[in-house]
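Survey of secondary and tertiary structure
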Amino acid sequence: EADIYQTPRYLVIGTGKKITLECSQTMGHDKMYWYQQDPGMELHLIHYSYGVNSTEKGDLSSESTVSRIRTEHFPLTLESARPSHTSQYLCASSVPGTPREFFGPGTRLTVL
Amino acid sequence: GENVEQHPSTLSVQEGDSAVIKCTYSDSASNYFPWYKQELGKRPQLIIDIRSNVGEKKDQRIAVTLNKTAKHFSLHITETQPEDSAVYFCAASGPGGNTPLVFGKGTRLSVIA
């Protein structure tokens, strides 16, 4: 089934660890996005990509990196996790030629 | 860049009443305005969207209206039901579909049975 997949769904790690959150979509979308959201609160754009080898920074990008080597895959890496990174991370993608975004189920991250 | 303001931040209505959430945007070039519903613990889901060449769009109990002159758009939910309780986000996007959506801060709607 065409969808957006995120792994892991839940993650608890210690301060200073390097982590990668995975996002894959089978919808044939070219544009992909990462958002940070505390439950039910404002959506903050972290990074986005308009295609392979294209990445752009959003509002909260300074503590993370992304890569886009394959169209369907857009991983997010935190080099050194901190308790302030505790949040939900949502991946999204949009239909070619439109800004209509569809969201994945999210990864809930807790940094101790 | 684009800025989207959303009001109110919280809204409580009695079951069966109507609910209205309003958003304003700053960039007159924006031409796409979606609304998302996020239930507790779930992902945001697109529920309705409108483009700038249309003034109103309806889908069963939900409707969106757009006033380009005033740069505001609204979500209307009629005959509210408890399952309408959620956080609703409005958003706006510039022309060409090549800029990320800019989201409002959300409205927490509670429908009281």
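In this text the structure is predicted, and so the values were computed from the model without any measurement.

Side note on the overall build of chain A
Counting its secondary structure elements, chain A contains zero helices and eleven strands. Secondary structure elements of chain A occur, N-terminal to C-terminal, as β-β-β-β-β-β-β-β-β-β-β. By its C-alpha atoms, chain A is 40 × 25 × 25 Å across when sized along the principal axes. By sequence separation, contacts in chain A at least 24 residues apart represent 54% of the contacts at least 6 residues apart. In the structure as shown, chain A presents an accessible area of about 5200 Å², 53% of it carried by carbon and sulfur atoms. Put simply, chain A has 10 plus and 12 minus side-chain charges, and the middle of one group is 4 Å from the middle of the other.

A look at the state of the cysteines
Per the stated rule, a full pass over the model turns up two disulfides over all chains. Put simply, Cys-23 of chain A and Cys-91 of chain A are joined by a disulfide, and their sulfur atoms are 1.9 Å apart. Because the sign of the S-S torsion sets the handedness, a value of about -75 degrees for the bond joining Cys-23 of chain A and Cys-91 of chain A places this disulfide among the left-handed ones. Taken together, the residues span a long stretch of sequence, with Cys-23 of chain A in strand β3 (residues 19-25) and Cys-91 of chain A in strand β9 (residues 87-94) at a distance of 68 residues. Residue pairing for Cys-23 of chain B: its cysteine sulfur links by disulfide to Cys-90 of chain B, the two sulfurs lying 1.9 Å apart. Between Cys-23 of chain B and Cys-90 of chain B, the disulfide has an S-S torsion of -100 degrees and is therefore left-handed. Taken together, the residues span a long stretch of sequence, with Cys-23 of chain B in strand β3 (residues 19-25) and Cys-90 of chain B in strand β9 (residues 86-92) at a distance of 67 residues. Classification of Cys-90 of chain B by relative accessible area gives buried; the value is 0%.

Details of unusual backbone geometry
Residue Pro-8 of chain A is bonded to the preceding Thr-7 of chain A through a cis peptide linkage, with omega at -10 degrees. Relative to the helices and strands, Pro-8 of chain A resides in the loop between β1 (4-7) and β2 (10-13). The omega torsion across His-7 of chain B and Pro-8 of chain B is -5 degrees, close enough to zero to call that bond cis. Mapped onto the fold, Pro-8 of chain B is located in the loop between β1 (4-7) and β2 (10-14). Despite not being glycine, Asn-53 of chain A has its phi angle at roughly 65 degrees, a positive value. Along the chain, Asn-53 of chain A falls in the loop between β5 (44-51) and β6 (54-57). A residue is classified by how much of its surface remains accessible, and Asn-53 of chain A, at 69% relative accessible area, is exposed. Backbone geometry places Lys-71 of chain B, a non-glycine residue, at a positive phi of 55 degrees. Residue Lys-71 of chain B is classed as partly exposed on the basis of its relative accessible area of 26%.

Remarks on the interface of chain B and chain A
With 20 residues of chain B at the contact, the number on the chain A side is 25 residues. Between chain B and chain A, roughly 1800 Å² of surface is buried when both sides are summed, and carbon and sulfur atoms account for 54% of that area. Taken as a group, Arg-43, Pro-100 and Phe-103 of chain B account for 30% of the area that chain B buries against chain A, more than any other trio of residues on that side. Our enumeration of links across chain B and chain A arrives at two salt bridges. The partner of Arg-43 of chain B in a salt bridge is Asp-3 of chain A, with the nearest N and O atoms 3.3 Å apart. In this assembly, chain B and chain A are joined by seven residue pairs in polar contact (both at pLDDT 80 or more). Going through the elements one at a time, β4 (32-38), β5 (45-51) and β9 of chain B are the ones with two or more residues in the side of chain B that touches chain A. Grouping the constituent residues of the side of chain B that touches chain A by class yields nine nonpolar, six polar and five charged.

Conventions and cut-offs
- Residues numbered from 1 in each chain as written.
- Chains lettered and ligands numbered in written order.
- Predicted model: local features only at pLDDT ≥ 70, side-chain atom pairs only at ≥ 80, totals over all residues.
- Heavy atoms only, no water.
- Helix = DSSP H or I, 4+ residues; strand = E, 2+ residues; numbered from the N terminus.
- Contact = heavy atoms within 4.5 Å.
- Areas by Shrake-Rupley, 256 points an atom, 1.4 Å probe, with all protein chains shown as cover.
- Lys, Arg positive; Asp, Glu negative; His and termini not counted.
- Charge placed at Lys NZ, Arg CZ, Asp CG, Glu CD.
- Disulfide = S-S within 2.5 Å.
- Buried < 20%, exposed > 50% of the residue type's maximum accessible area, 1.4 Å probe, protein only.
- Buried area = accessible area lost by both parts, 1.4 Å probe.
- Salt bridge = Lys/Arg side-chain N within 4 Å of Asp/Glu carboxyl O.
- Polar contact = N/O pair within 3.5 Å; in protein donor to acceptor, adjacent residues only side chain to side chain.
- Nonpolar A, V, L, I, M, F, W, Y, C, P; charged D, E, K, R; others polar.

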